[in-house]
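Below are the chains, spelled out letter by letter.
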Amino acid sequence: MSKPQTQGEAGTGHNAAAELLVLYRSLLLIRRSEERLSRMFADGEVPGFIHLSIGQEAVSAGVMSALSAEDTIASTHRGHGHAIAKGLSLDGFFAELLARDTGLCRGRGGSMHVADMSVGMLGANGIVGAGLSIALGSALAHKTQKNGAIAVAFFGDGALAEGLIHECLNMAALWKLPLLFVCENNGWGEFLPTSKQLSFTLKDLAAAYRIPHVMIDGNDVAVVAEHAARLVAEVRAEGPRVLECMTTRVRGHFEGDAQKYRDPDELAALSERDPLNVAARQLETLGVSEVTLSDIADEIAARIEAAVESARAAPMPSFEAAMADVYTSANAMQGDA
């Protein structure tokens, strides 16, 4: 396996304290939001299942920092970080996960299907790898409309065994679509290491379809942001690229997964590669004070609590509206005829 590029190899273009603070703020907002969701899920406030991206926040924050408002993304079942970093309303996000009528999808999507077209979030997805084809279609639309935007397909290494990725890589390469494939390689496909599931690497796969591939340290948000900015520019000008971010899944496959299949020593060592800790150490080196970081933490905590309380106070969806946007009435179809 190729060695992921590190900060020293990637350069220092995004190491200015002000730029790194913006990225750190995004990291912290994602982390604290998911920690809050974890507690609410344990208390029975969040219906269904949730899959947390704790440990993988640098990918979301770094990639999204390179995108414009017009760019679109398709997410995964572990997509809270993507949603928040893309700019979804925090009030609407929490309301959606609490199944409230004020949610971004009026409570119908929940954690695995949260979406907001107004900011280019095409949706999370409960089917492994299914977002790939949605992003492919969006990239085709961007190219057809000649609007200069790109699409981003997020997926995990657990999706590499899905046949759909072959189709999407082939079509993106064949049509030179403005599509950035972003693999969050955390080493796991549900409950089994992907090293025991795959006979190839993503680098091999990308090469087979003649798409340039870059592997980086996905836990260093500055590295992710720097490479994402370069690759996004290449995608706009030339066509598809593959960005493989080597990262860490701290929590289980789903919230409540005890992870008895993982080595306790491995779990105990994860804090060293924690994206927040990595960024905090870099900020300290750049002279950013603990007071500044503490103020950011307090501000984010207040934002999250306000969003949670707003969601809790919001009304539940009405039963009568449950079928809205599912079927078109016969009268409406006759009127269109």
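Here the structure is shown first, and the text comes after it.
The structure reproduced in this document is the subject of the present report.

A look at the overall build of the chain
Next, step 1: Along its length, the chain carries 13 helices and 7 strands.
Next, step 2: Along the first, second and third principal axes, the C-alpha atoms of the chain reach 65 × 50 × 40 Å.
Next, step 3: Relative to its 337 residues, the chain shows a buried fraction of 50%.
Next, step 4: The long-range fraction of contacts in the chain, counting pairs at least 24 apart against all pairs at least 6 apart in sequence, stands at 75%.
Next, step 5: If you sum the accessible surface of the chain, you get close to 15,100 Å²; carbon and sulfur atoms cover 55% of it.
Next, step 6: Across the chain, the centroid of the 28 positively charged side chains sits 4 Å from that of the 42 negatively charged ones.

Remarks on the pattern of salt bridges
Next, step 1: On inspection of all chains with the given rule, the structure shows 14 salt bridges.
Next, step 2: With its nearest N and O atoms 2.5 Å apart, the salt bridge here joins Arg31 to Glu57. Note that Arg31 is positioned in helix H2 (residues 17-42) and Glu57 in helix H3 (residues 57-64), a separation of 26 residues in sequence. For the residue pair Arg31 and Glu57, the accessibility class agrees, reading buried in each case.
Next, step 3: For Arg312, the salt bridge identified is with Glu45, shortest N-O distance 2.8 Å. Note that Arg312 is positioned in helix H12 (residues 290-313) and Glu45 in the loop between H2 and H3, a separation of 267 residues in sequence.
Next, step 4: Where salt bridges share partners, they join Arg230, Glu234, Glu238 and Arg241 into one cluster.

What to know about the nonpolar core
Next, step 1: Among the nonpolar cores identified, the biggest contains 64 residues, and Val63, Phe94 and Val152 are the most heavily contacted of them.
Next, step 2: Per element, the largest residue contribution to this core is 11 residues, and it comes from H2.
Next, step 3: Here Phe94 is in contact with Ser33, Leu37, Met40, Ile304, Ala307, Val308 and Ala311, once residues within four sequence places are set aside.
Next, step 4: Within the second largest apolar cluster, 24 residues are counted, among which are Ala139, Ile165, Cys183 and Val242.

Regarding a nonpolar patch on the surface
Next, step 1: Side chains of Leu140, Leu174 and Trp175 sit close together on the surface and give an oily, nonpolar patch of about 300 Å² of accessible area.
Next, step 2: Mapped onto the elements, Leu140 comes out in helix H6 (residues 131-145).
Next, step 3: Overall, Leu140 belongs to the partly exposed group, its relative accessible area being 35%.

Concerning the environment of Ser60
Next, step 1: Within the secondary structure, Ser60 is located in helix H3.
Next, step 2: Ser60 sits in the buried class, given a relative accessible area of 2%.
Next, step 3: Separated by 22 residues in the primary sequence, Ser60 and His82 have C-alpha atoms spaced 5.0 Å apart.
Next, step 4: Residues within four places of Ser60 in sequence aside, it is in contact with Ile30, Gly81, His82, Ala85 and Glu184.

So, the side chain of Thr247
Next, step 1: Looking at the secondary structure, you find Thr247 in the loop between strand E7 (241-246) and helix H10 (264-268).
Next, step 2: Owing to a relative accessible area of 6%, Thr247 belongs among the buried residues under this scheme.
Next, step 3: Polar side-chain contacts of Thr247 include one of 3.2 Å to the backbone oxygen of Gly55.

The rules behind each value
- Residues numbered from 1 in each chain as written.
- Predicted model: local features only at pLDDT ≥ 70, side-chain atom pairs only at ≥ 80, totals over all residues.
- Heavy atoms only, no water.
- Helix = DSSP H or I, 4+ residues; strand = E, 2+ residues; numbered from the N terminus.
- Buried < 20%, exposed > 50% of the residue type's maximum accessible area, 1.4 Å probe, protein only.
- Contact = heavy atoms within 4.5 Å.
- Areas by Shrake-Rupley, 256 points an atom, 1.4 Å probe, with all protein chains shown as cover.
- Lys, Arg positive; Asp, Glu negative; His and termini not counted.
- Charge placed at Lys NZ, Arg CZ, Asp CG, Glu CD.
- Salt bridge = Lys/Arg side-chain N within 4 Å of Asp/Glu carboxyl O.
- Core = buried A, V, L, I, M, F, W, Y, C linked by side-chain atoms within 4.5 Å.
- Patch = residues over 30% accessible without salt bridge, like charges linked within 9 Å, V, L, I, M, F, W, Y side chains within 5 Å.
- Polar contact = N/O pair within 3.5 Å; in protein donor to acceptor, adjacent residues only side chain to side chain.

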